[in-house]
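Chain by chain, the residues:
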Number of protein chains: 4
Amino acid sequence: MCRLLLYKGKQPILLAHLLTNPAHSIINQSFDSKLRLDHRRPLNGDGFGVGWYDSEPEKDTRITPCIFTSVTPAWNNTNLVRLAEKVKSPLVFAHVRASTSGAVTEVNCHPWNYGRIMWMHNGGIAQFDKIKRKLQNSLPEELFLFVQGNTDSEWAFALFLSFLSNPNAERFEHQELKEAMVKTIAQLNTWTEEEGIKEPSLLNFAVTDGASVVCVRYISSKTEEAASLYFSSGTRFECYQPGYYRMIKADRREDMVVVASEPLTFEKADWLTIPTNTVLVITPKLNVLLQPIKDQYYTGDRGLEVKVGETEVARIPEPKAQLFKAQVEEQMRHDRPMSVI
Amino acid sequence: MCRLLLYKGKQPILLAHLLTNPAHSIINQSFDSKLRLDHRRPLNGDGFGVGWYDSEPEKDTRITPCIFTSVTPAWNNTNLVRLAEKVKSPLVFAHVRASTSGAVTEVNCHPWNYGRIMWMHNGGIAQFDKIKRKLQNSLPEELFLFVQGNTDSEWAFALFLSFLSNPNAERFEHQELKEAMVKTIAQLNTWTEEEGIKEPSLLNFAVTDGASVVCVRYISSKTEEAASLYFSSGTRFECYQPGYYRMIKADRREDMVVVASEPLTFEKADWLTIPTNTVLVITPKLNVLLQPIKDQYYTGDRGLEVKVGETEVARIPEPKAQLFKAQVEEQMRHDRPMSVI
Amino acid sequence: MCRLLLYKGKQPILLAHLLTNPAHSIINQSFDSKLRLDHRRPLNGDGFGVGWYDSEPEKDTRITPCIFTSVTPAWNNTNLVRLAEKVKSPLVFAHVRASTSGAVTEVNCHPWNYGRIMWMHNGGIAQFDKIKRKLQNSLPEELFLFVQGNTDSEWAFALFLSFLSNPNAERFEHQELKEAMVKTIAQLNTWTEEEGIKEPSLLNFAVTDGASVVCVRYISSKTEEAASLYFSSGTRFECYQPGYYRMIKADRREDMVVVASEPLTFEKADWLTIPTNTVLVITPKLNVLLQPIKDQYYTGDRGLEVKVGETEVARIPEPKAQLFKAQVEEQMRHDRPMSVI
Amino acid sequence: MCRLLLYKGKQPILLAHLLTNPAHSIINQSFDSKLRLDHRRPLNGDGFGVGWYDSEPEKDTRITPCIFTSVTPAWNNTNLVRLAEKVKSPLVFAHVRASTSGAVTEVNCHPWNYGRIMWMHNGGIAQFDKIKRKLQNSLPEELFLFVQGNTDSEWAFALFLSFLSNPNAERFEHQELKEAMVKTIAQLNTWTEEEGIKEPSLLNFAVTDGASVVCVRYISSKTEEAASLYFSSGTRFECYQPGYYRMIKADRREDMVVVASEPLTFEKADWLTIPTNTVLVITPKLNVLLQPIKDQYYTGDRGLEVKVGETEVARIPEPKAQLFKAQVEEQMRHDRPMSVI
């Protein structure tokens, strides 16, 4: 099972604050993961990738991310450590890989980009081989030829791109990205059902165009839990002692959002669980929107129904529900309710 | 343009005699190539591979090759240098790569194997992108899923395998391998013609099942020359001073055959040019068979018509034809005519 | 903390039986180690090396090992997996590394060889920086220049070589190798004491000339335990179900010896603990000799005093002592007592 | 023979303009070098490194460079290509390596840094092994332990650092850097002469503290030429068609200086040859100072004596001297004489 992390903020953040400094950073997670579901392969040493945007999309409509990948483990990659100490970015995707499909080569390392759009995946499409040909044949020529590696994750990215009205567009609305994400999951479900695949797929995808971010915590099962996914937001990400960070929420402003497979800090109150089978959208202006995916795997009783303003967030499972509820209510008191689409 | 080399002998040869010791070995060719056609990219530093069989197929019907590949240049790969000093094999394929299609990753390094069958390619399928989908859709599921990389060469291997009656068979006749090779070329020609591709494809392929070897020097053009390909045969490959080798033909026995993009020795008489658009077969008993491919790109006047016993070898182009003729006639005097299928 | 493994047998063994097939092989140990002392860095993903001899030293006095190293983790190294399926050897050293000193580069991967002599190390010289210059200045020019990397382990190898009467000799007696090993430890202890270093050094070294093997389980402390080291011997190493091996002791013959940081099998009776601060010698004829190192860190009460024939083995600590004693006595009943120098 | 390149400008430059875009960039030089002296090894595929500073030293006295190195050839390093498209810097060192000493590992790739000081070398210290121990023993402990690799170049860097009054200082005067450079060369000459080494050393070194740059074109011979070194300066580095650049000198301002083993552009007038055995200093304010090294290898007649203001530049060899003289005189007419220390 892989690990992923994404950051979007009003201010650029030094990559080291996300990747290398925190005692429970994604790199340290790569050899000391506490929350993973899959205990067969207890570490993520099969490659690493980080992608970032260096400017605001308003200023440059031809923005593309810079992506650094490596097949050597993240924790001893000198280049990564050095870059993390220098590079600042307002929008970062990072991924450590434990290979489940596709050889260990740089072309199989997440994230990938297509022009300005960047994609990564934590999980796996069940028995992908059985639907690979259908997926490929559904793609327009340009996207069919775009794929360089051999992973379910990269082919899922091509499928996602095929649901955009124009994957080469200069800008995207977050609604279009979200809808393409939901269609991608629906299409994968259709194909796996057609093939009679019973094993659930773990589909924690994240995508961005450099302005909005859409990510999803999803499993094609009514009864099993998706791979973990958390988010945190605040005014700044503060290091209060070496290796120890916390999210500061000052002045009721929320200037940054972090989504991660596992919390980066040891402050439980910093992190909200994203409910299973939920899409999370971060808008260009840093509003966070949560929406349940109400498909054949939707169950009203998976989590706690939380009212935020006039609308529903989602149910989240006990025993975390009470904590989550308290956190959301606390947020509401601060007058910046978590929006729901 | 890549370089390839293959050896088949009655006795195992130390890999160093082929790969690292000769002053004009395939590794030294990789940074000092004299004969290549493509001058845009004057070196082969984009990866390396060597595959070998460690036992005779008579003794073990489940024989598979051992393949060592690397994306670092062959000339500074310490592991390769060490292995070459220790490993002996009666059947060796080696390849240095200058990438023309597919990223520089280990999965894109030649040779590849499917069970006991091993394959490599020097050249390129013209505008492969235009026929990639047709090729993939022509494959049975098992071969479609077998491909791990993203090169025209590996997909051509899958196509070749699809022309075998059973690619998982325990043994193959060299005739079947040769026929599958000819069908592979014919099918690629059909597709490229359907797509209106005018640029010729360079299709120097080599394949073996661990017992027979089939290789081809081919271009889909009536007027242009294929990428170079030479062969040499003899009793032993002798090092007469450091870096300098020659093929010894003692006792009229031919105990080894070497085929290479460029001669390994500086002894011109050691090497015969394989005529353009010709299949060369090395049988398990080390007979060498040459056959022209008489398809739409066949031209009777490409080379010299050489009679060997009752049969034709092939025409080979001037000015090398006279040398070749003399060599063949010399061989004939020694009573071991080069056979023709 | 690293892991090491060595095999010496009358018959060559396929490397896969040691490296890749066993469920608890050294490669699987590299990400699932159960016995390590150092819990700060819970895996060995910082490189890998395996060295082997391909012929018997009787036949070739210029024998040198073939060494394959890699900075990518052992568990996803395709070349290693393929080689392990093909290479057979009567004498194998293997090592997985968790870097404690020296950058993660191939030159810092164990084992190293100097001509026919091969060396590896599990542990670390305490505060090596403080004695590095003394060590270097003690070396003759040839050995000073021989070192290519920057680890305490490789410099300790150079020191060991300096204690041989002629490190370029064509053959060595196991006594000379053992004495050089003991001198190496004594010299390292002298220098660390001169520098006032209190932290103990973990000095599990192994060396071979291709004929004899000398290894040591050692710590420069009277009270702390050395890093673990086990050995097993028998007639053959049998795979009774995929991933599960056991040592078979048939006909009272002992045709192979395995020494490893952790047992390779789940059969406890297969493995004897090598007592702390003990040298183990495997002679060319596969006799195993154990000798305590009676220096300033020797304590008579560390383990159980076991009488084997007329001589002492060593004390080993409770609670394993009873098991060990029973094993030794069982061995004695089989009339092949473990010898003691 | 390696290749090096350095840039210092008032404005940050996108690395791609130096490294990847120019048809004759340092990366393209790495496989198509036209001017190298050493024809034995006709390419630089043994590693690559680029180091850059991301902020002005006035703002941050703890500035350190970011260094990216790789053992795979520069021309197919995807990470490098991507970074070069994103990273901008006012001070860049780049180096491609053809190994002459030291294994091909990342620790042996140039440039190296010690705090804020960065170093690279094109050339080789003749018979370095003979002076290696003297050099090491001359170093203070901290610098002795600093070296991680095994090249003459990195040890020469440690020697250079030992000639600074405080290598950990927060700022340096360019005079101190220049004097340490001259002392480094003098010390290396003393040791090589003591050892009776007749072969000349090629000592093209470059060093920077992030503010000033000092580089030298030097050979320890009165008769042979040093490895080539050129410089160019102007207002901006303009791409007038893809792959083709020229240096624009507008408004008499000189806002950037480039020094390189080979010219990056095909405009001869853009490039001045740095005379053999000359130190070139680029001050923080972008003044360029040239000074001959008047040691035992100094010959007054190596080049043309060019008067600039009241002082001598240096002699430079015919036939380039006339061109150089014309260029310098042209510069003088523009009222911004090349200064001489």
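Our structure's up above, just so we're on the same page.
So, a few notes on the structure that sits alongside this text. (Residues numbered from 1 in each chain as written. Chains lettered and ligands numbered in written order. Predicted model: local features only at pLDDT ≥ 70, side-chain atom pairs only at ≥ 80, totals over all residues. Heavy atoms only, no water.)

Focus on the overall build of chain A
Then comes step 1: A tally of regular secondary structure across chain A gives 8 helices and 18 strands.
Then comes step 2: Expressed as a percentage of its 341 residues, the buried residues of chain A come to 63%.
Then comes step 3: With an accessible surface of roughly 12,700 Å², chain A has 49% of that area assigned to carbon and sulfur atoms. (Helix = DSSP H or I, 4+ residues; strand = E, 2+ residues; numbered from the N terminus. Buried < 20%, exposed > 50% of the residue type's maximum accessible area, 1.4 Å probe, protein only. Areas by Shrake-Rupley, 256 points an atom, 1.4 Å probe, with all protein chains shown as cover.)

Notes on the relation of the copies chain B and chain C
Then comes step 1: Mapping chain B onto chain C is achieved by rotating through 180° and translating by 0.0 Å along the same axis, at an RMSD of 0.0 Å. Given the turn and translation reported, the copies of this chain are related as if by a two-fold rotation axis. Using C-alpha coordinates, one finds that chain B approaches the rotation axis most closely at V87(B), a distance of 4.4 Å.
Then comes step 2: Interface overlap between copies: 100% of the residues of chain B at the interface are likewise at the interface in chain C, consistent with a symmetric, same-surface contact. (Least-squares fit on C-alpha atoms with pLDDT ≥ 70 in both. Contact = heavy atoms within 4.5 Å.)

Things to note about the side chain of T235(D)
Then comes step 1: One can find T235(D) in the loop between β9 (230-234) and β10 (236-241).
Then comes step 2: Excluding anything up to four places from it in sequence, T235(D) contacts I248(D), K249(D), A250(D), R253(D), D255(D) and M256(D).

Observations concerning the interface of chain B and chain C
Then comes step 1: Taken together, the contacts link 13 residues of chain B with 13 residues of chain C.
Then comes step 2: Taken together, the two surfaces of chain B and chain C that pack against each other cover about 1,300 Å², and 49% of this comes from carbon and sulfur.
Then comes step 3: Contact with chain C buries surface across chain B, with N79(B), R82(B) and K86(B) losing the most and accounting together for 42% of the total.
Then comes step 4: Seen at the junction of chain B and chain C, the total is 0 salt bridges.
Then comes step 5: Connecting chain B to chain C are 6 residue pairs in polar contact (both at pLDDT 80 or more). (Buried area = accessible area lost by both parts, 1.4 Å probe. Salt bridge = Lys/Arg side-chain N within 4 Å of Asp/Glu carboxyl O. Polar contact = N/O pair within 3.5 Å; in protein donor to acceptor, adjacent residues only side chain to side chain.)

Focus: the sheet that holds strand β12 (residues 256-260) of chain C
Residues and elements named next belong to chain C.
Then comes step 1: The antiparallel open sheet is built from 7 strands, whose spatial order is β3-β2-β4-β1-β12-β9-β13. One side of each edge strand has no neighbouring strand; the edge strands of this open sheet are β3 (66-70) and β13 (272-273).
Then comes step 2: By the bridge criterion, 5 bridges tie strand β2 (residues 48-53) to β3 in an arrangement that is antiparallel. Note on β3: the bridge partner recorded for V50 is F68. (Pairing = 2+ DSSP bridges.)

Things to note about the environment of S162(A)
All names here are of chain A.
Then comes step 1: As for its position among the elements, S162 is in helix α6 (residues 152-162).
Then comes step 2: On the accessibility criterion, S162 (25% relative accessible area) is partly exposed.
Then comes step 3: Taking the C-alpha atoms as reference points, S162 and L139, separated by 23 residues in sequence, lie 6.4 Å from one another.
Then comes step 4: Setting aside residues up to four positions removed in sequence, S162 forms contacts with L139, P140 and L143.

Section: the pairing of strand β4 (residues 88-96) of chain C
All names here are of chain C.
Then comes step 1: Burial analysis of β4 places 8 of its 9 residues in the buried class, the great majority of the element.
Then comes step 2: Pairing analysis gives 8 bridges linking strand β1 (residues 3-14) to β4, with the strands arranged antiparallel. Residue I13 lies in a different strand from β4, and its bridge partner there is S89.
Then comes step 3: In this sheet, β4 lies alongside β2 in antiparallel orientation, the contact comprising 6 bridges.

What about the packing of α6(A) against helix α7 (residues 174-194) of chain A?
Residues and elements named next belong to chain A.
Then comes step 1: For the pair α6 and α7, interaxial distance at closest approach is 8 Å and the crossing angle is 120°. Judged by the inter-axis angle, α6 sits oblique to α7. The two elements α6 and α7 meet at a crossing, and its hand is right-handed. Note on element contacts: α7 touches α6 through L177, A180, M181, T184, Q187, L188 and W191, opposite A156, L159 and F160. (Axes fitted to C-alpha atoms, helices over the stretch in contact; angles between N-to-C directions. Parallel < 35°, antiparallel > 145°, perpendicular 65-115°, else oblique. Left-handed = near helix turned anticlockwise from the far one by under 90°.)

Thoughts on the interface of chain A and chain B
Then comes step 1: Contact with chain A, which involves 16 residues of that partner, is made by 16 residues of chain B.
Then comes step 2: Between chain A and chain B, roughly 1,500 Å² of surface is buried when both sides are summed, and carbon and sulfur atoms account for 44% of that area.
Then comes step 3: When the buried surface of chain A facing chain B is broken down by residue, R133(A), F144(A) and L145(A) rank first, second and third, together holding 36% of it.
Then comes step 4: Between R133(B) and E141(A) there is a salt bridge; the shortest N-O distance is 3.1 Å.
Then comes step 5: Scanning the region where chain A abuts chain B turns up 9 residue pairs in polar contact (both at pLDDT 80 or more).
Then comes step 6: If you list the elements that add at least two residues to the side of chain A that touches chain B, you get α4 (129-138) and α5 (141-146) of chain A.
Then comes step 7: Residues of the side of chain A that touches chain B, tallied by class, amount to 7 nonpolar, 5 polar and 4 charged. (Nonpolar A, V, L, I, M, F, W, Y, C, P; charged D, E, K, R; others polar.)

Side note on helix α7 (residues 174-194) of chain C
Then comes step 1: Along its 21 residues, α7(C) runs 30 Å from first to last C-alpha, staying within 8% of the 30 Å computed at 1.5 Å per residue.
Then comes step 2: Those residues of α7(C) lying buried are H174(C), L177(C), K178(C), A180(C), M181(C), T184(C), I185(C), L188(C), N189(C), W191(C) and T192(C). (Expected span 1.5 Å × (residues − 1).)

Quick notes on the relation of the copies chain A and chain B
Each of the two copies of the chain can be brought onto the other by a rotation about an axis and a shift along it.
Then comes step 1: For the pair chain A and chain B, the relating rotation is 180°, the translation along its axis is 0.0 Å, and the fit reaches an RMSD of 0.0 Å.
Then comes step 2: A shared binding surface is used by both copies, with 100% of the interface residues of chain A retained as interface residues in chain B.

Looking at the pattern of salt bridges
Then comes step 1: A full pass over the atoms with the stated rule returns 32 salt bridges over all chains.
Then comes step 2: One salt bridge connects E194(D) with K134(D), and the closest N-O pair in it is separated by 2.5 Å. Highlighted residues: E194(D) in helix α7 (residues 174-194) and K134(D) in helix α4 (residues 132-138), separated in sequence by 60 residues.
Then comes step 3: With relative accessibility at 47%, the residue E194(D) sits in the partly exposed group.
Then comes step 4: A relative accessible area of 32% places K134(D) in the partly exposed class.
Then comes step 5: Several salt bridges converge on common partners, so that one network encompasses K134(A), E194(A) and E195(A).

Some points on the sheet that holds strand β12 (residues 256-260) of chain D
All names here are of chain D.
Then comes step 1: Here 7 strands make up an open sheet; going across it, the order is β3-β2-β4-β1-β12-β9-β13 and the pairing antiparallel. One side of each edge strand has no neighbouring strand; the edge strands of this open sheet are β3 (66-70) and β13 (272-273).
Then comes step 2: Inspection of the sheet shows strand β1 (residues 3-14) paired to β12 by 5 bridges, in the antiparallel sense. Bridging from a neighbouring strand, Y7 pairs with V258 of β12.

Here we look at the packing of α4(A) against α6(A)
Residue and element names in this part refer to chain A.
Then comes step 1: Where α4 meets α6, the closest approach of the two axes is 10 Å, and the angle between their N-to-C directions is 35°. For α4 against α6, the interelement crossing comes out left-handed. Within the contact between the two elements, α4 uses K132, L135, Q136 and S138 and α6 uses W155, A156 and L159.
Then comes step 2: Each residue belonging to the contact of α4 with α6 can be placed in one class, and the counts come to 4 nonpolar, 2 polar and 1 charged.

As for the packing of aromatic side chains
All names here are of chain D.
Then comes step 1: Counted by the stated rule, this structure contains 34 aromatic pairs over all chains.
Then comes step 2: Consider the rings of F146 and F157, whose centres lie 5.8 Å apart with planes at 80°: the pair is edge-to-face. Here the residue F146 occupies a position in helix α5 (residues 141-146), and F157 occupies one in helix α6 (residues 152-162), the gap between them amounting to 11 residues. The same class applies to F146 as to F157, namely buried. (Phe/Tyr/Trp six-rings, centres within 6.5 Å; stacked < 30°, edge-to-face > 60°.)

Overview of the environment of Q136(C)
Then comes step 1: Take Q136(C): it is sitting in helix α4 (residues 129-138).
Then comes step 2: As for Q136(C) and W155(C), which are separated by 19 residues in sequence, their C-alpha atoms are 7.7 Å apart.
Then comes step 3: Residues in contact with Q136(C), not counting those within four places in the same chain, are F144(C), W155(C), R133(D), Q136(D) and F144(D).

Brief notes about the pairing of strand β9 (residues 230-234) of chain C
Residues and elements named next belong to chain C.
Then comes step 1: Taking burial as the measure, the 5 residues of β9 include 5 buried ones, the bulk of the element.
Then comes step 2: Burial along β9 is two-sided: Y230, S232 and G234 and F231 and S233, pointing in opposite directions, are all buried.
Then comes step 3: As paired elements, β9 and β12 share 5 bridges and run antiparallel to each other. What sits directly across from S232, in β12, is V258.
Then comes step 4: Where β9 lies against β13, 2 bridges are found, and the strand directions are antiparallel. Residue pairing in the sheet places F231 in a bridge with L272 of β13.

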